[in-house]
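Architecture and fold: a report
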Amino acid sequence: MNQKKRVVLGLSGGVDSSVAAYLLLQQGYEVIGMFMKNWHDESVTISNECPWMEDSTDAMLVAEKLGIPFQAIDLSREYREKIVDYMFAEYEAGRTPNPDILCNREIKFDIFLKAAEKLKADFVATGHYCRKGEVQVDGKPVFRLLAGADPNKDQSYFLCQLSQQQLAKALFPIGHLQKAEVRKIAKEQELVTADKKDSQGLCFIGKVRLPDFLQQQLLPKKGDILVIPEDSPVYTCNLITAHGELDSLDRRCLPLSYVPHQGSKVGEHSGAHFFTVGQRKGLHVGGTGKPLFVIATDTQANIVYTGLGEDHPGLLRDGLFVPLADIHWVREDRQLKPGETAKYLARIRYRQALSQATLQMEANGLYVLFDKPQRGIASGQFVAWYDGEETIGSGTIY
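Residues numbered from 1 in each chain as written. Predicted model: local features only at pLDDT ≥ 70, side-chain atom pairs only at ≥ 80, totals over all residues. Heavy atoms only, no water.

**Some thoughts on helix 1 (residues 15–26)**
- End to end, helix 1 covers 17 Å across twelve residues, agreeing with the expected 16 Å (1.5 Å per residue, within 8%).
- With ten of twelve residues buried, helix 1 lies mostly within the body of the structure.
- Residues Val15, Asp16, Ser17, Ser18, Val19, Ala20, Ala21, Tyr22, Leu23 and Leu24 constitute the buried set of helix 1.
- Downstream of helix 1 by a residue or two, Gly28 has a phi angle that is positive, lying close to 90°. (Helix = DSSP H or I, 4+ residues; strand = E, 2+ residues; numbered from the N terminus. Expected span 1.5 Å × (residues − 1). Buried < 20%, exposed > 50% of the residue type's maximum accessible area, 1.4 Å probe, protein only.)

And the structure:
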């Protein structure tokens, strides 16, 4: 009899990872449950109760019920260095970070994976709604990151920065199930997490008041909210393509820069770094008729630029650009060379419907041109591109 393969599972105290543990046991793996403690600071969590203690207890109860070893690992120092500091720096620079994608790349499938390997694990597993496939390319195995079977829960976007090495070690036991089926299994197995609400908020921290959280580092400072008229010359000069193809690509894919004299003041804010492109709430400006949306922020001059109405030209863009250093291919065998183009489906945020796009690789990076203009493309966020259900690659938006 072959020795059982050992899996270390990120047991978060939620229903998804609980059912993942049960399914792995059913498949004949030796399972160790590991709870990641990523946060100590209770001052910024919304609920009065301490979320990680409750989650840790639930994770322990599930491990006990299933008869698997359980341990907690404190990754709060690494989490602060790799995720929290990154968030502060990005917001300060006027960009919009995505901590969940980074948490998967840097914590769960890096530091956590290394901790699991110390326990002689063959694999690590998580309760993500996505699936893993495998194909042979030139006689070698290549791993595929596929969408979860439940279209409402598909989390492949959050894993779009994983490498072949990370995927080789990853298992996603619930990816083939619908959420309702996961809850049904949890009830049948009488797992304490069966009716627990899905966690919202930062990866493994719990519900966090983001502005409060950021204000610990980033001090509020008053500045102007300016509105840019939709017939501003800044939008018309964008159509001139007299300087050749690359210049035209830049005009269509790079964010526009605004200067104060192009707009008029409609209010004040308490810090440009608290706002992101496409945001509507939190501006507290009344009497504008149409709703006001953020179209750009300047954290140096502390100005928030806005536009009226959701079809304002400042909210819509034909494309985006990913600098060379920020391009990541999940399928390394399919990366484009300079001068090559390919058609893929793409999204710029979680749960957004996929849109047709043309990827054009140039020496300086990757241009992603959408068939239909996209709303609220924000610097610092991630674009991911797909071939059907498969995630091919991703990158940080410039």
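That shown, we press on.
**A word on the sheet that holds strand 2 (residues 30–37)**
- Ordered by their spatial adjacency, five strands build an open sheet running 3-2-1-4-7, and the pairing between neighbours is parallel. The sheet terminates laterally at strand 3 (70–74) and strand 7 (170–171), the two strands that pair on one side only.
- Two elements, strand 1 (residues 6–10) and strand 4 (residues 123–125), share three bridges in a ladder whose sense is parallel. Across the sheet, Val8 pairs through a bridge with Val124, a residue of strand 4. (Pairing = 2+ DSSP bridges.)

**Description of the packing of helix 3 (residues 76–92) against helix 4 (residues 99–118)**
- The geometry of helix 3 relative to helix 4 is characterised by a closest axis approach of 10 Å and an angle of 160° between their N-to-C directions. As judged from the angle between their axes, helix 3 and helix 4 are roughly antiparallel. When the axes of helix 3 and helix 4 are compared, the crossing they make is right-handed. Across the interface between the two elements, Glu78, Tyr79, Lys82, Ile83, Tyr86 and Met87 of helix 3 pack against Pro99, Leu102, Cys103, Glu106, Ile107 and Ile111 of helix 4. (Axes fitted to C-alpha atoms, helices over the stretch in contact; angles between N-to-C directions. Parallel < 35°, antiparallel > 145°, perpendicular 65-115°, else oblique. Left-handed = near helix turned anticlockwise from the far one by under 90°. Contact = heavy atoms within 4.5 Å.)

**Regarding the pairing of strand 1**
- Of all five residues in strand 1, four are buried, a share of seventy percent or more.
- As defined by bridge partners, strand 1 adjoins strand 2 across five bridges and the pair is classed as parallel. Paired with Val8 across the strands is Ile32, a residue of strand 2.
- Once the chain exits strand 1 it traverses helix 1 before rejoining the sheet at strand 2, and the crossover so formed is right-handed. (Right-handed = clockwise from strand over helix to strand, strands pointing away.)

**Brief notes about the confidence of the model for the protein chain**
- Residues of the protein chain with pLDDT of at least 70 account for 90%, and the chain-wide mean is 91.
- Counting contacts from residues 238–243, a segment whose pLDDT is below 50, to residues more than four positions away or on other chains yields five contacts. (pLDDT = per-residue confidence, 0-100.)

**Some points on the pairing of strand 5 (residues 130–137)**
- Looking at chain direction, strand 5 and strand 6 (residues 140–147) are connected through eight bridges and run antiparallel. Paired with Gln136 across the bridge in strand 6 is Pro141.
- Where strand 5 hands over to strand 6, the hairpin turn is made up of two residues, of which Asp138 adopts a positive phi near 50°.

**Looking at the environment of Ile392**
- Looking at the secondary structure, you find Ile392 in strand 18 (residues 390–396).
- On the accessibility criterion, Ile392 (0% relative accessible area) is buried.
- Linking Ile392 and Leu345, residues 47 residues apart in sequence, is a C-alpha distance of 9.8 Å.
- Filtering out sequence-adjacent residues up to four positions away, Ile392 remains in contact with Trp329, Val330, Arg331, Arg334, Tyr344, Trp385, Tyr386 and Asp387.

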